[in-house]
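Structural characterization, general
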Amino acid sequence: ICIHWGSVDAPNMTPFNGNPETLLDRVVNPERIHVLGAGEAFVMRPKIANRKPLGNTDLMVSDVCLGCMGFGEADHGQHQWTLGYDQTKEILKAAWLAGINFFDTAPAYSNGDSETFIGRFLKEEEIDRSEVVLATKFFPRTLEEIEQGVSMKEHIERNLEASLKRLQSEYV
């Protein structure tokens, strides 16, 4: 669990501005909590990243999924607090070395930079793609696409192909 203590620059989000110590007695495992100060970088390092089946599948995922919304060039997306590739690589490497193999990203995260950074990292580090679980999303159809008769299936396929290209992967 990660608690950001201080202000956030996202609309409709309320930051936690109370005393973070008061939260520790309300959770089962307080060792899994890290409180961030404003502007503090965070790398989750679970003591043991166990891999478990995802649902009723044979897909083995770490007990922690790393959310990658904060990865991307600050001048390229909707958030100015994102991290460039060098910082992103450090976080991805620390997560990987800690046993995390499950990464959540989206094309909306810094206009695709997050996906691009993850794909680049996996290639540079020569990580076996079969050992990594990537989750991504897609944008809803635009009014223009709907008016042009672009089906939802076509829209999803286009978005998926663009994500796969950025991730340098054949599947998600």
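The preceding data block contains the structure.
All of the points below concern the structure found in this document. Small disclaimer: the values here were computed from a predicted structure and weren't measured. (Residues numbered from 1 in each chain as written. Predicted model: local features only at pLDDT ≥ 70, side-chain atom pairs only at ≥ 80, totals over all residues. Heavy atoms only, no water.)

**Remarks on the sheet that holds strand β6 (residues 102–104)**
Hydrogen bonds between backbone groups are what pair the strands of a sheet, and the pairing can be parallel or antiparallel. Read across the sheet, 3 strands follow the order β5-β6-β7 without closing on themselves; strand pairing throughout is parallel. Each edge of the open sheet carries a strand with a single partner, namely β5 (65–67) and β7 (133–135). Averaged over all pairs of adjacent strands, the angle between their axes in this sheet comes to 20 degrees, without regard to strand direction. In terms of strand pairing, β5 meets β6 through 3 bridges, oriented parallel. Note on β6: the bridge partner recorded for C65 is F102. (Pairing = 2+ DSSP bridges. Helix = DSSP H or I, 4+ residues; strand = E, 2+ residues; numbered from the N terminus. Axes fitted to C-alpha atoms, helices over the stretch in contact; angles between N-to-C directions.)

**Describing the packing of aromatic side chains**
This model, assessed by the stated rule, comprises 1 aromatic pair. Ring geometry for Y85 versus F117: centroids 5.4 Å apart, planes at 75 degrees, classification edge-to-face. Placement of Y85 in helix α2 (residues 85–97) and of F117 in helix α3 (residues 113–124) is noted, with a sequence separation of 32 residues between them. As far as burial versus exposure is concerned, Y85 and F117 are alike and both buried. Positioned over the ring face of Y85 is R120, at 3.7 Å from the centre of the ring. (Phe/Tyr/Trp six-rings, centres within 6.5 Å; stacked < 30°, edge-to-face > 60°. Buried < 20%, exposed > 50% of the residue type's maximum accessible area, 1.4 Å probe, protein only. Lys NZ or Arg CZ within 6 Å of the ring centre and 35° of its normal.)

**Here we look at the packing of α2 against α3**
Look at α2 against α3: their axes get within 10 Å of each other, and the N-to-C directions meet at 60 degrees. It follows from the interaxial angle that α2 and α3 lie oblique. When you trace α2 past α3, the crossing you get is right-handed. Facing Y85, T88, K89, L92, K93 and W96 of α2, the residues of α3 in contact are F117, I118, R120, F121 and E124. Class assignment of the residues belonging to the contact of α2 with α3 gives a composition of 6 nonpolar, 1 polar and 4 charged. (Parallel < 35°, antiparallel > 145°, perpendicular 65-115°, else oblique. Left-handed = near helix turned anticlockwise from the far one by under 90°. Contact = heavy atoms within 4.5 Å. Nonpolar A, V, L, I, M, F, W, Y, C, P; charged D, E, K, R; others polar.)

**Quick word on a nonpolar patch on the surface**
Nonpolar side chains collect at one region of the surface, where F138, M152 and I156 lie side by side and expose about 240 Å² of accessible area between them. Look at M152 and you get partly exposed, because its relative accessible area is 38%. (Patch = residues over 30% accessible without salt bridge, like charges linked within 9 Å, V, L, I, M, F, W, Y side chains within 5 Å. Areas by Shrake-Rupley, 256 points an atom, 1.4 Å probe, with all protein chains shown as cover. Salt bridge = Lys/Arg side-chain N within 4 Å of Asp/Glu carboxyl O.)

**Here's the deal with the packing of α3 against helix α5 (residues 152–167)**
Two elements in contact, α3 and α5, have axes separated by 6 Å at closest approach and are oriented at 45 degrees. Here α3 is positioned oblique relative to α5, judged by the angle of their axes. Between α3 and α5, the residues in contact are E115, T116, I118 and G119 and S163, R166 and L167, respectively.

**Examining the environment of D104**
Along the chain, D104 turns up in strand β6. Spatially, the C-alpha atom of D104 lies 8.8 Å from that of K137, the residues being 33 residues apart in sequence. Beyond its immediate stretch of four places on either side in the chain, D104 contacts C65, L66, G67, C68, Y109, A135 and K137.

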